[in-house]
Amino acid sequence: MNKIVSKSKLKKIAEYDPSDIGLLNNNLFSLPFTVEESDVVVIPMPWEVTVSYRAGAGRGPSTMLNASSQVDLYDEDIKDAWKSGIAMLPISSYWLKKNNQLREKAKKCIDHLERGGSTHDAKLHDLYAEINEGGCELNEYVERESLKWLKQGKSVCVLGGEHSVPLGFMRALAKFYPNYSMLHLDAHADLRKAYEGFEFSHASIQYNATQIKQIDQFVQVGIRDYSEQEADRIQNSKGRVIAFTDRDIKRKIYEGTSWKELCIAIIEPLSKNVYISFDIDALDPSLCPHTGTPVPGGLEFEQVFYLIEIIVKSGRKIIGFDLCEVAPSKNDDWDSIVGVRALYRLASLMMKSQGKV
């Protein structure tokens, strides 16, 4: 696909050596391009207000930015992906502050519930109102920011933070495409309605997404920790939500079905335009040991990207993605090291599906 490249960007490409040391230039992957020069725009959301168990996802965007300077940009399948440019917007001090304020209030609600309290107790009314209002504000911001860059022809992704953050992006895409499908990679079904009283809970992202009528199909992969209520929602969705659980995947592999055959079956329901929602806990916990709610089992790194490669080879278009719940510990960046490499592969494959590389 031919595209107009500015003289400034061409000059930077000519002068940049991707085999050299990664510079600490505050750019994702130490690339030399501005956001305006890059084909992929990453919207970072340092938000973990509703996490149910372990915190840390709010630091994911900043620690992945730091780890990205150590990523070698050569890809044996898409050798010059870096030339298109992947740039992250500055991490917002406003959202960092808002997250910290509301997280403390959410913890009070969760602690109250875990001691046997109810979401309807009067003492929590104002807290829930403020937290849910904050979620609305975040969704509006992400939708507005996504639309801004989509209108400029950029490929967009949202980088969490907890898994609630991409809802605004999903809504923005619904204004660009009359219909699209969702590939949801996760250990959890995320089909709970207003989990723990939070309308925009990390555990409710897929439930909230099902309210977007333009999303015609949900295909969930790697699910292995979900409630009876969520199982009922899947079964009663009339085929709109299809789950390939981790147990079912593993049993089929143990009985002789190849991963290629399973990938073909997984992508078959997906329509031409595909959105990928990737919670890092879809992976084996050895690859994301500090994520908020890790679950035994899961997918290997190359398993995930083989599946996404099959989508691209099928001629489907990846119209956007989110990557969420990367939660490094204070003394271990392993989760970010894995997460930022997933980010680079996702961005490269999205651009390939769109004809940009």
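Let me sum up the structure you'll find in this document. (Residues numbered from 1 in each chain as written. Predicted model: local features only at pLDDT ≥ 70, side-chain atom pairs only at ≥ 80, totals over all residues. Heavy atoms only, no water.)

### Some details on the overall build of the protein
Point 1. The helix and strand inventory of the protein stands at 11 helices and eight strands.
Point 2. Taken against the 2.2 N^0.38 rule, which gives 21 Å for 357 residues, the C-alpha radius of gyration of the protein at 20 Å falls within 12% of a compact globule.
Point 3. Projecting the C-alpha coordinates of the protein onto the three principal axes gives extents of approximately 65 × 50 × 40 Å.
Point 4. In the protein, which comprises 357 residues, the proportion classed as buried is 58%.
Point 5. Taking contacts inside the protein between residues at least 6 apart in sequence as the whole, the part at least 24 apart equals 78%.
Point 6. As presented, the protein carries roughly 15,800 Å² of accessible surface, and 49% of it is formed by carbon and sulfur atoms.
Point 7. Each charge sign in the protein was given a centre, from 44 positive and 49 negative side chains, and these centres are 5 Å apart. (Helix = DSSP H or I, 4+ residues; strand = E, 2+ residues; numbered from the N terminus. Rg over C-alpha atoms; globule rule 2.2 N^0.38 Å. Buried < 20%, exposed > 50% of the residue type's maximum accessible area, 1.4 Å probe, protein only. Contact = heavy atoms within 4.5 Å. Areas by Shrake-Rupley, 256 points an atom, 1.4 Å probe, with all protein chains shown as cover. Lys, Arg positive; Asp, Glu negative; His and termini not counted. Charge placed at Lys NZ, Arg CZ, Asp CG, Glu CD.)

### A few points about helix 10 (residues 301-313)
Owing to its 3.6 residues per turn, the α-helix aligns residues three or four sequence positions apart on the same side.
Point 1. Spanning 13 residues, helix 10 covers 19 Å between terminal C-alpha atoms, matching the ideal 18 Å at 1.5 Å per step.
Point 2. Of the surrounding secondary structure, the elements contacted by the buried residues of helix 10 are strand 4 (180-185), helix 8 (246-254), helix 9 (259-267), strand 7 (273-279), strand 8 (317-324) and helix 11 (334-353).
Point 3. Immediately beyond the C-terminal end of helix 10, within one or two residues, lies Gly315, with a positive phi of roughly 95 degrees. (Expected span 1.5 Å × (residues − 1).)

### Topic: the packing of aromatic side chains
Point 1. In total, this model carries 10 aromatic pairs according to the counting rule given.
Point 2. For the pair Tyr16 and Trp82, a centre-to-centre distance of 5.1 Å together with 50 degrees between the ring planes defines the contact as tilted. Taken together, the residues Tyr16 in the loop between helix 1 (7-15) and strand 1 (40-45) and Trp82 in the loop between helix 2 (60-67) and strand 2 (86-88) connect sequence positions 66 residues apart.
Point 3. Overall, the relative accessible area of 5% leaves Trp82 in the buried class.
Point 4. Three or more aromatic residues joined by ring pairs form one cluster here, namely Trp47, Tyr94, Trp95 and Tyr141.
Point 5. Positioned above the aromatic ring of Phe33, the side-chain terminus of Lys9 is 5.3 Å from the ring centre. (Phe/Tyr/Trp six-rings, centres within 6.5 Å; stacked < 30°, edge-to-face > 60°. Lys NZ or Arg CZ within 6 Å of the ring centre and 35° of its normal.)

### Section: the pattern of salt bridges
Point 1. Applying the stated criterion across every chain yields a total of 13 salt bridges.
Point 2. The salt bridge partner of Glu37 is Lys12, with a shortest N-O separation of 2.9 Å. Of this pair, Glu37 sits in the loop between helix 1 and strand 1 while Lys12 sits in helix 1, placing them 25 residues apart in sequence.
Point 3. A relative accessible area of 22% places Lys12 in the partly exposed class.
Point 4. Asp248 is the salt-bridge partner of Lys252, the closest N and O atoms lying 2.9 Å from each other. Here Lys252 pairs with Asp248, and both are found in helix 8, just four residues apart, close to one helical turn.
Point 5. Taken together, the salt bridges that share partners define one network made up of Glu302, Glu309 and Arg345. (Salt bridge = Lys/Arg side-chain N within 4 Å of Asp/Glu carboxyl O.)

### Quick word on the packing of helix 3 (residues 93-114) against helix 4 (residues 125-150)
Point 1. One way to put it is that helix 3 packs onto helix 4 with a least axis distance of 10 Å and a crossing angle of 140 degrees. Taken together, helix 3 and helix 4 sit at an angle that is classed as oblique. The chirality of how helix 3 crosses helix 4 is left-handed. Counting all contacts with helix 3, which are made through Tyr94, Trp95, Lys98, Leu102, Lys105, Ala106, Lys108, Cys109 and Leu113, the residues of helix 4 involved are Leu127, Tyr128, Glu130, Ile131, Gly134, Glu137, Leu138 and Tyr141.
Point 2. Looking at the contact of helix 3 with helix 4 residue by residue, the class counts come to 11 nonpolar, one polar and five charged. (Axes fitted to C-alpha atoms, helices over the stretch in contact; angles between N-to-C directions. Parallel < 35°, antiparallel > 145°, perpendicular 65-115°, else oblique. Left-handed = near helix turned anticlockwise from the far one by under 90°. Nonpolar A, V, L, I, M, F, W, Y, C, P; charged D, E, K, R; others polar.)

### Here we look at the side chain of Thr210
Point 1. Take Thr210: it is sitting in the loop between helix 6 (205-209) and strand 5 (215-223).
Point 2. The residues contacting Thr210, other than those within four sequence positions of it, are Leu191, Phe218 and Arg240.

### A short note on the sheet that holds strand 1
Point 1. Spatially, eight strands are ordered 2-1-3-8-7-4-5-6 in an open sheet, and the strand pairing comes out parallel. Two strands lie at the open edges of the sheet, namely strand 2 and strand 6 (241-245), each paired on one side alone. Going across the sheet, the axis of each strand differs from the next one's by a mean of 20 degrees, ignoring polarity.
Point 2. Looking at chain direction, strand 1 and strand 2 are connected through three bridges and run parallel. The partner of Val42 across the bridge, within strand 2, is Met88.
Point 3. Sitting on the sheet, helix 8 is in contact with strand 5 and strand 6, with an inclination near 55 degrees to strand 6. (Pairing = 2+ DSSP bridges.)

### Some points on the pairing of strand 4
Point 1. In terms of residue burial, strand 4 counts as a mostly covered element, since six of its six residues are buried.
Point 2. Here strand 4 shows a buried face lined by Tyr180, Met182 and His184 and a second buried face lined by Ser181, Leu183 and Leu185.
Point 3. As paired elements, strand 4 and strand 5 share six bridges and run parallel to each other. By the bridge assignment, Leu185 is partnered in strand 5 with Val221.
Point 4. Bridging between strand 4 and strand 7 involves five bridges; their strand directions are parallel. Counterpart to Ser181 in the pairing with strand 7 is Val274.

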